[in-house]
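Here are the chains, one letter per residue:
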Amino acid sequence: MKLRITVETSEQTILFGVFLDNEDKKRNPKFGEFREFSFNKSGDIGFGKIHPDRLALVAILNTLPFCEKTLHLSWPVSNSFLESSKIISRIKITAEKGSVPPIRKTRSGRHALSFSGGADSTAALAIMPQTTESVFMLRTKRGGRTLYDSDAAEESCRQLRKLGFVVHSVESDFEYLRDPIGFPTDLAVSSPAILLAESRNFQSIAFGTILESAYGTSGSSFRNYVESSHYRLWKTLFDAVGLGYSLPVAGVSEVGTAKLCLELPIGRFHQSCIRGKWEKPCNKCWKCFRKSTLISALGGKEISEYATKALQTSKEVRKHLLDNSPIKHEGVLTYSLERANGGGEIFDCLRKLTRVGSINTDWMERWYGHSSTLIEEDYSQYTSNKLKHYLGEMTPSQTKDLLNWSNEDSKERRDILSELRILI
Ligand SMILES: [Zn+2]
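Before going further, it helps to spend a moment on the overall build of the chain. When helices and strands are tallied, the chain shows 17 helices and 10 strands. Seen along its three principal axes, the alpha-carbon backbone of the chain occupies a region of about 65 × 45 × 40 Å. The buried share among the 424 residues of the chain stands at 44%. Considering only contacts in the chain between residues 6 or more positions apart, those separated by 24 or more positions represent 72%.

Below you can see the structure in the form of structure tokens.
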């Protein structure tokens, strides 16, 4: 009883096959018996040789949630990789028999960034060494099943290339393995960078993971990321394939990455909205709403008419505000609504809901220095210095505000939410 994975590789294409057994099918009734997903490289640089352990990590990143008991790799991997894979306690990883030496980390000094074109990964690129190579995953578009539009992200890749940055683009359809479509695991997006790592001699792969996601403050309480199961799992598996797992902006909140994008030269080549065209964000999605209030706050401006309109007309924005408790990334909203005036009665109610005036938010502008341990050692000092220079480090009392972050549901909160529901 195994979920079996096969792989075929060539210079331009890596094709994985996934065979489900009966137990896996029960877990994923819509998956079917067999599915494929692939990675296609455009441009002159191909995938080259790829170590079997790295192919295994990509297989795991993309199929872990679909496996019920055992995930079998139809190719031999190193014993040390299999040993490391025991960190995954829910399922067992097995592989074809054969002797494979493990792949060691290179000291090439060449680092990669899993780049999306959004504010967070652009901020990460801006504070990483200038030789950093970005790897963009172009999502295959199929039918009308997704609102995603790659136009803006592809344009930011083009702009960065014009400036002399190396930006690789790899197309993949792995999102379609899931129903509804989406990333099988949050780090699956780094599959293209892992697949290119040997050909490009990458020492580490960085992610644009921000403070809210790493340390839990987009939710109800602070967590020490280094002690989390997420960190232990993926750090171990990246180490096992000789790649550094690096989070240069893990100590920077969404407020901080927006500030970095405003202040650093390459910052303007980003766009958060993944629905609109380049320089024409949709102004209807949740991201646009959050970003537009944040930009108003950072510019000392009033709430924009886009934000007011989105609140009244966008189902998605209303759903985020009314159905989630706490609201996702609520702290950033508190920060913005505290500093951007106006918006009238509805925004005043939203200010009350998000605790404007009763919690401190100035720590979100600064860098959380403890996160330097999450940055690849080679450039940790370089990046830390940049962050200290552009954002400044949190003071002890700001750090305390971060560590004590708590945003729980309460009767009071539900009452304000009912008020808001009547208004919008
Ligand atoms: Zn949008």
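This is not the end of the story, as more comes after the structure.
This brings us to the packing of helix 2 (residues 52–63) against helix 6 (residues 191–200). Two numbers describe how helix 2 lies on helix 6: the axes approach to 9 Å, and their chain directions differ by 175 degrees. Taken together, the axes of helix 2 and helix 6 are roughly antiparallel relative to one another. Contacts from Arg54, Leu57, Val58, Leu61 and Asn62 in helix 2 reach Ser191, Ile194, Leu195, Ala197 and Glu198 in helix 6. In terms of residue class, the contact of helix 2 with helix 6 is made up of six nonpolar, two polar and two charged.

Along an α-helix, residues three or four apart share an orientation, since each turn contains 3.6 residues. Buried within helix 14 (residues 344–353) we find Phe347, Leu350 and Leu353. Angularly, the buried residues of helix 14 cover 110 degrees about the axis, an arc narrow enough to put them on a single face. Seen from the buried face of helix 14, the exposed residues on the opposite side, beyond 90 degrees, are Gly344 and Glu345. Just downstream of helix 14 lies Arg355, where phi reads positive at about 65 degrees.

Here we have 10 strands laid out as an open sheet, ordered 5-4-1-2-3-8-7-6-9-10, and mixed in their pairing. The open sheet is flanked by strand 5 (92–95) and strand 10 (244–246), the only strands paired with a single partner. Mean inter-strand twist for the sheet, computed between neighbouring axes without regard to direction, equals 25 degrees. Across six bridges, the pairing between strand 1 (residues 3–9) and strand 2 (residues 13–19) is antiparallel. Bridge pairing links Glu8 to Leu15 in strand 2.

Our focus in this paragraph is the domain arrangement of the chain. According to the domain assignment, the chain consists of domain 1 (2–252 + 367–393) and domain 2 (281–358 + 401–423). For domain 1 versus domain 2, the distance between C-alpha centres works out to 32 Å. Across the contact, eight residues belong to domain 1 and 10 residues belong to domain 2. Here the side of domain 1 that touches domain 2 is built from residues that sort into two nonpolar, five polar and one charged.

Moving on, we come to the environment of Val226. With respect to the helices and strands, Val226 occurs in the loop between helix 7 (211–214) and helix 8 (229–240). What makes Val226 partly exposed here is the crowd of 15 C-beta atoms within 10 Å. The spatial distance from the C-alpha of Val226 to the C-alpha of Ser85 is 19 Å, given a sequence separation of 141 residues. Those residues within four positions of Val226 in sequence are excluded, and the remaining contacts are Tyr231 and Thr373.

Before going further, it helps to spend a moment on unusual backbone geometry. With an omega of 0 degrees, the peptide bond between Asp179 and Pro180 qualifies as cis. Here Pro180 lies in the loop between strand 8 (167–172) and helix 6. If you check the backbone angles, Asn201 has positive phi at about 60 degrees while not being a glycine. Along the chain, Asn201 falls in the loop between helix 6 and strand 9 (204–206). Looking at Asn201, the number of C-beta atoms within 10 Å reads 13, which means it is partly exposed.

It is worth spelling out the environment of His72 at this point. Considering the arrangement of structural elements, one finds His72 in strand 4 (residues 70–73). A count of 19 C-beta atoms within 10 Å places His72 in the partly exposed class. C-alpha of His72 to C-alpha of Ala95: the two residues are 23 residues apart in sequence and 5.4 Å apart in space.

Where helix 10 (residues 286–298) meets helix 13 (residues 330–339), the closest approach of the two axes is 8 Å, and the angle between their N-to-C directions is 45 degrees. The angle between the axes of helix 10 and helix 13 places the two elements in the oblique class. Seen from above, helix 10 lies across helix 13 with left-handed handedness. Across from Arg290, Thr293, Leu294, Ser296 and Ala297 in helix 10, the residues of helix 13 making contact are Val332, Leu333, Tyr335, Ser336, Leu337 and Arg339. Looking at the contact of helix 10 with helix 13 residue by residue, the classes come out as six nonpolar, three polar and two charged.

The buried count for strand 6 (residues 111–115) comes to five of five residues, which makes it a mostly enclosed element. The sheet contact formed by strand 6 and strand 9 spans three bridges and is parallel. The partner of Leu113 across the bridge, within strand 9, is Ala206. Relative to strand 7 (residues 133–139), strand 6 runs parallel, the two sharing four bridges. For Leu113, the partnering residue across the bridge sits in strand 7 and is Ser134. Regarding the hand of the β-α-β motif, the stretch spanning strand 6, helix 4 (residues 119–127) and strand 7 is right-handed.

What counts as what
- Residues numbered from 1 in each chain as written.
- Predicted model: local features only at pLDDT ≥ 70, side-chain atom pairs only at ≥ 80, totals over all residues.
- Helix = DSSP H or I, 4+ residues; strand = E, 2+ residues; numbered from the N terminus.
- Buried ≥ 20, exposed ≤ 12 C-beta atoms within 10 Å, placed from the backbone.
- Contact = placed C-beta atoms within 7 Å.
- Axes fitted to C-alpha atoms, helices over the stretch in contact; angles between N-to-C directions.
- Parallel < 35°, antiparallel > 145°, perpendicular 65-115°, else oblique.
- Nonpolar A, V, L, I, M, F, W, Y, C, P; charged D, E, K, R; others polar.
- Arc of directions from axis to C-beta.
- Pairing = 2+ DSSP bridges.
- Domains from an automatic or database assignment.
- Left-handed = near helix turned anticlockwise from the far one by under 90°.
- Right-handed = clockwise from strand over helix to strand, strands pointing away.

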